[in-house]
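Inside the fold
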Amino acid sequence: MRCFTVLGPSQIGKSTLVERLGSLEGEPKKSVSPYGLGVTEFEFGGEAWCALDVPGNNEALPHAQNALLASDACVLCVSAVVDEAVLAAPYLRAIEASATPCILFINRMDEPRGRIRDVVAALQDYCSRPLVLRQIPIREGDRIIGSCDLISERAWRYREGQPSSLFEIPESTVEREHEARAELLEHLSEFDDWLLEELIEDREPTSDAIYTISTRVLSENKIIPVLLGAASHSNGVMRLMKALRHEAPHADALRKRLAAGAGIDEATLAAVSFHAHFRQSVGKTVLARALQNGVKQGAALGGAGLGSVQDPATGRAIASGVTEAGQVFAAVKSDHLSVPALLTSGAVVGPPEWTTPPTPMLERILVPASERDETKLSETLGKLSETDRGLKVMQEEGTGAQLVCAQGPMHLRELCRTLADVFHVEVSDRPPSAIYRETISKTSEVHYRHRKQTGGAGQFADVKLSVHPNGRGEGFSFAETVKGGAVPRNFIPAVEAGAREAMEKGPLGFHVIDVGVHLHDGQHHSVDSSEYAFRTAGKLGVRQALSQAAAVLMQPIFRVEIHVPSIYSGGLVPIVASLKGQVLGFDRDEAAKGWDIFRALIPGAALEELARSLRSATQGIGYFSRTFDHFEELYGKEAQAIVSAHGAHANGQ
Ligand SMILES: Nc1nc2c(ncn2[C@@H]2O[C@H](COP(=O)(O)OP(=O)(O)OP(=O)(O)O)[C@@H](O)[C@H]2O)c(=O)[nH]1
Ligand SMILES: [Mg+2]
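Thresholds, definitions, all that
- Sequence order as written defines the numbering, with residues in each chain counted from 1.
- To read the labels, note that chains go from A and ligands from 1, taken in the order they are written.
- For a predicted model such as this one, the threshold for reporting local features is a pLDDT of at least 70, and the threshold for listing and counting side-chain atom pairs is 80 or more; totals across whole chains, interfaces and linings nevertheless cover every residue.
- Computation of side-chain values: all heavy atoms of the structure, hydrogens and water removed.
- Any two rings among Phe, Tyr and Trp, with Trp reduced to its six-membered ring, count as a pair given centres within 6.5 Å; such a pair is stacked if its planes are under 30 degrees apart, edge-to-face if over 60, and tilted if neither.
- Secondary structure elements follow DSSP: runs of H or I no shorter than four residues count as helices, runs of E no shorter than two count as strands, and numbering proceeds from the N terminus.
- Each residue is placed in one exposure class: buried if its accessible area under a 1.4 Å probe, protein chains only, is under 20% of its type's maximum, exposed if it is over 50%, and partly exposed if it falls in between.
- Consider the ring centre and the ring normal. A charge sits over the ring if Lys NZ or Arg CZ is within 6 Å of that centre and within 35 degrees of that normal.
- Two N or O atoms form a polar contact when they lie within 3.5 Å of each other; inside protein one atom must be a possible hydrogen donor and the other a possible acceptor, and for residues adjacent in sequence the pair counts only when both atoms belong to side chains.
- Residues are treated as being in contact if the distance between any of their heavy atoms lies within 4.5 Å.
- Lines fitted to C-alpha atoms define the axes here, with helix axes fitted over just the stretch in contact, and angles between the N-to-C directions of these axes take values from 0 to 180 degrees.
- Angles are sorted into four bins: roughly parallel if under 35 degrees, roughly antiparallel if over 145, roughly perpendicular if 65 to 115, and oblique for all others.
- The handedness criterion is simple: a crossing whose near helix is rotated anticlockwise from the far helix by less than a right angle is left-handed, and one whose near helix is rotated clockwise is right-handed.
- UniProt positions are given in the numbering used here, feature names are shortened, and annotations may be inferred rather than shown by experiment.
- Note on terminology: near, applied to a residue and a molecule or strand, indicates that one of the residue's heavy atoms is within 4 Å of it.
- For the area figures, the Shrake-Rupley method with a 1.4 Å probe applies, and any residue is considered shielded solely by the protein chains shown.
- Each residue gets one label: Ala, Val, Leu, Ile, Met, Phe, Trp, Tyr, Cys and Pro are nonpolar, Asp, Glu, Lys and Arg are charged, and the others, such as Gly, are polar.

Section: the packing of aromatic side chains
- All told, the structure shown has ten aromatic pairs when counted by the stated rule.
- Here the aromatic rings of Phe586 and Phe598 are separated by 5.7 Å at their centres, their planes lie at 15 degrees, and the arrangement is stacked. Here Phe586, found in strand β31 (residues 582-588), pairs with Phe598, found in strand β32 (residues 595-603); they are twelve residues apart in sequence, far enough to count as distant.
- Seen in terms of ring centroids, Trp595 and Tyr623 are 6.4 Å apart; in terms of plane orientation they differ by 55 degrees. Their pairing is tilted. In this pair, Trp595 is assigned in strand β32 and Tyr623 in strand β33 (residues 623-634), connecting sequence segments 28 residues apart.
- According to the relative accessible area criterion, Tyr623 is buried, its value standing at 16%.
- Here Arg93 stacks its cationic end above the ring of Trp595, 4.6 Å away from the centre of that ring.

Rendered as structure tokens:
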């Protein structure tokens, strides 16, 4: 079975294209997973095919990356609109990183809006491999009535819902055809010395010779050929399918590529897992592609025996097992398989670096409707995050509540739906509270005496100490200059322990940071003094000192790296400024053509707004990663509001 992924921006016609490709020679078999990945199996040219159809929104990008891991080639589907070229940028980025051979399909040629050359040039900004036209449109007035193939030099007239018919290249197209063909040959000759020689000698190579070169150049991933069509009218669809059949590499090329990348012996790479979902009463279903034959129920794969092996489109068991390398199958009752992964019989090998999804930007606290479900929720989320690397699960600092980081609102909705429908855990969500701290802004001195006389042994401890602000990031420090055993040596650690306890909650209600405590004198009693008494004195003494030391609220500041296509970089400055952030600068992203990495410092409380603004300013394309940088003072009304809200929360109001 041969397998390709169709990907591209939202609503561009990908599913329509897959449906038409699948129906060229009969009825396709199709299934759509709960996460929206379509799997279509069909026959073409006497071979079995599988097309993976990834929904076109940026939150589904991790699914696209995983699908590429299992694909011999991909079809990037775009529109013929220059201004929309940027929408293809995330996909071009993923395709290039994965080194998957790609054919670019410019869809919607029935709605011409500008020159194809300009569309290709605009897309080229985001792609380091040359995009090379393999067809040019044939126009009649402002309508496109067909296309001319630049290798065979044959013209095809589009017919509604049917394969195109051959016709004479119209006079008006001849010159443009020669020009575009010369460009194509020139590009190909960069990767073929024989062709270069032929061109220098002014000899006309045969179409067959050019097809052979073009097949090799595609499988070596040197260029991206560009084809044209209109999926909903079946125009250009047969041509695309033929290009895939003749020019896309087979499963053995994928096996070689993945094994070489992972540094494992090609002969041991048995399969690659690329998608998983959970179904009620069935459990985890893993979609995988066999890269050797012999995958079957009970056989070892990924270190344990496979449960049932099913046809992903029909859900029927494949009794004979997988008899052909390249076949896509669903593994059920095989919970040991993680996704995505390379699978040998004995082990699950981690996927290549390029499958790492963008850092999830949406952080939410999930609260189960019933308290009894707390453990179940955290177990289930753990399970789900094993097969969805776009999801991060952790616990909120301070409250221990269940914190999830999702790709975006749609991803979060899907997650909640799965939790409810499959695992019967109803949850609501709320934003996490930003993590604040407090410190002091001046020195203060106390003399604190702890004394209790209750019945038998009393408690007595007396301390003289001061608190002072430490430098930013220095944390807590404790010093003592007690003379003459006023506080006996063995009780000093107890005072320090008490002082540390006092840091847990300062006068504003937050954890106290960057404070130094200095114990310089005190008194003790030979009978009533104890470690306990001195710890209590340390704690209450320091607490009192803190309350006199002008406490200030400290807000967390994060260093963010925002990834955007360069055209959006300028727009980020006002966004960062409006969030009270600080721009640090931006650089070209060396790893992705046409992208910038924009660095800034942003207050923790503004991260959610940053995600929202970024989404709307970049058509959902931009994303960012964050790391905590430091705490910074926050004054005024904003600080007051946070302190009183926190106080109300802590008092259970
Ligand atoms: N005019 C025109 N419309 C098309 C063409 N191809 C698809 N469409 C229409 O575009 C709309 C979206 O098509 P889909 O195939 O669902 O698009 P998609 O890319 O799969 O969309 P998502 O999966 O949501 O990302 C449908 O109404 C199609 O009929 C085309 O070549 N020309
Ligand atoms: Mg679709």
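Things to note about the side chain of Asp462
- Mapped onto the elements, Asp462 comes out in strand β27 (residues 459-469).
- A distance of 2.7 Å separates polar atoms of two side chains, one belonging to Asp462 and the other to Arg449.
- Setting aside residues up to four positions removed in sequence, Asp462 forms contacts with His447, Tyr448, Arg449, Val487, Asp521, Gly522, Gln523 and Phe534.

So, the packing of helix α12 (residues 492-502) against helix α13 (residues 531-547)
- Where α12 meets α13, the closest approach of the two axes is 7 Å, and the angle between their N-to-C directions is 40 degrees. In terms of orientation, α12 and α13 fall into the oblique class. The handedness of the crossing between α12 and α13 is right-handed. Between α12 and α13, the contacting residues are Ala494, Val495, Ala497, Gly498, Ala499, Glu501 and Ala502 on the first element and Glu531, Phe534, Arg535, Gly538, Lys539, Val542, Arg543 and Leu546 on the second.

Regarding the UniProt feature "domain: Elongation factor EFG" (unreviewed entry) in the protein chain
- With numbering matched to this structure, UniProt assigns "domain: Elongation factor EFG" (unreviewed entry) to residues 552-642.
- Segment residues 552-642 splits into 31% helix and 46% strand. End C-alpha atoms: 12 Å apart.

Thoughts on the site of ligand 1
- In the region of ligand 1, 16 residues are neighbours, and Lys14, Ser15, Thr16, Arg108 and Asp110 sit closest.
- The separation between an oxygen atom of ligand 1 and a polar side-chain atom of Lys14 is 2.7 Å.
- Look at ligand 1: alone it shows 660 Å² of surface, and the protein chains cover 73% of it.
- When the residues that make up the shell around ligand 1 are grouped by side-chain class, the tally is four nonpolar, eight polar and four charged.

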